[in-house]
Amino acid sequence: RDSVVELSQLISKYLMDKPSVIDRNKIFDCLKLCYDDYYVTDYVAQCYDDPTEYILDLKMLLATAAASNWFSDKQDINICNWLDHVATQ
């Protein structure tokens, strides 16, 4: 959970001006892993008594990523799709 919050904080700190030393593809892979942990592997359900906090943090992370200009068009589409899916939970 902490890594989800920290990643959201990193993106929000530089929302419209990604530092050149940050690799957008690695950050995207981290976003996918956070999403997959909840929706694909059921990792969160196994590690938390109440996954509600994680899902709220994941929504925050994906919304922050969607608001940024860090990602390619294709990556943005995936992030928005994940956010749409998470928003219904």
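Residues numbered from 1 in each chain as written. Predicted model: local features only at pLDDT ≥ 70, side-chain atom pairs only at ≥ 80, totals over all residues. Heavy atoms only, no water.

Caption draft 1: How the structure looks around the overall build of the protein. Check the secondary structure of the protein and you find five helices and zero strands. Start at the N end of the protein and walk to the C end: the helices and strands fall as α-α-α-α-α. When the accessible surface of the protein is summed, it comes to about 5400 Å², and 51% of that surface belongs to carbon and sulfur atoms. (Helix = DSSP H or I, 4+ residues; strand = E, 2+ residues; numbered from the N terminus. Areas by Shrake-Rupley, 256 points an atom, 1.4 Å probe, with all protein chains shown as cover.)

Caption draft 2: Looking closely at the confidence of the model for the protein. Looking at the protein as a whole, the pLDDT averages 89, with 88% of positions reaching at least 70. When pLDDT is averaged over each element of the protein, helix α5 (residues 73-87) comes out on top at 95 and helix α3 (residues 43-47) at the bottom at 68. (pLDDT = per-residue confidence, 0-100.)

Caption draft 3: The state of the cysteines, seen in detail. Evaluation of the coordinates by the stated rule reveals zero disulfides. Cys30 supplies the cysteine sulfur nearest to Cys34, a cysteine that is in no disulfide, at a spacing of 6.7 Å. (Disulfide = S-S within 2.5 Å.)

Caption draft 4: Quick look at the nonpolar core. Core analysis: the biggest nonpolar cluster contains 20 residues, and Ile11, Leu31, Leu58, Leu61, Phe71 and Ile79 have the highest contact counts within it. Going through the elements one at a time, α1 (2-13), α2 (24-39), α4 (52-67) and α5 are the ones with two or more residues in this core. By residue number, the principal contributor to this core is α4, which donates six residues. Residues contacting Leu61, with those up to four places away along its chain left out, are Val4, Leu7, Ser8, Ile11, Leu31 and Cys34. (Core = buried A, V, L, I, M, F, W, Y, C linked by side-chain atoms within 4.5 Å. Buried < 20%, exposed > 50% of the residue type's maximum accessible area, 1.4 Å probe, protein only. Contact = heavy atoms within 4.5 Å.)

Caption draft 5: Structural detail: the packing of α4 against α5. At a closest axis distance of 9 Å, the pairing of α4 and α5 adopts a crossing angle of 150°. When the interaxial angle is binned, α4 and α5 end up roughly antiparallel. Handedness of the α4/α5 crossing: left-handed. Counting all contacts with α4, which are made through Ile55, Leu58, Lys59, Leu62, Ala63, Ala65 and Ala66, the residues of α5 involved are Ile79, Cys80, Trp82, Leu83, Val86 and Ala87. The residue makeup of the contact of α4 with α5, split by class, is twelve nonpolar, no polar and one charged. (Axes fitted to C-alpha atoms, helices over the stretch in contact; angles between N-to-C directions. Parallel < 35°, antiparallel > 145°, perpendicular 65-115°, else oblique. Left-handed = near helix turned anticlockwise from the far one by under 90°. Nonpolar A, V, L, I, M, F, W, Y, C, P; charged D, E, K, R; others polar.)

Caption draft 6: Fine view of the environment of Tyr54. Within the element layout of this structure, Tyr54 appears in helix α4. Side-chain polar atoms of Tyr54 contact the backbone oxygen of Cys34, separated by 2.9 Å. (Polar contact = N/O pair within 3.5 Å; in protein donor to acceptor, adjacent residues only side chain to side chain.)

Caption draft 7: Quick look at the pattern of salt bridges. All told, the structure shown has one salt bridge when counted by the stated rule. With a closest N to O distance of 2.6 Å, Asp36 and Lys32 form a salt bridge. Here the residue Asp36 and the residue Lys32 both occupy positions in helix α2, the gap between them amounting to four residues, near one helical turn. (Salt bridge = Lys/Arg side-chain N within 4 Å of Asp/Glu carboxyl O.)

Caption draft 8: Quick peek at the environment of Ser12. Its place among the elements puts Ser12 in helix α1. Measuring from C-alpha to C-alpha, the distance between Ser12 and Leu61 comes to 9.1 Å, with 49 residues separating the pair along the chain. A distance of 3.0 Å separates the side chain of Ser12 from the backbone oxygen of Gln9, its partner in a polar contact.

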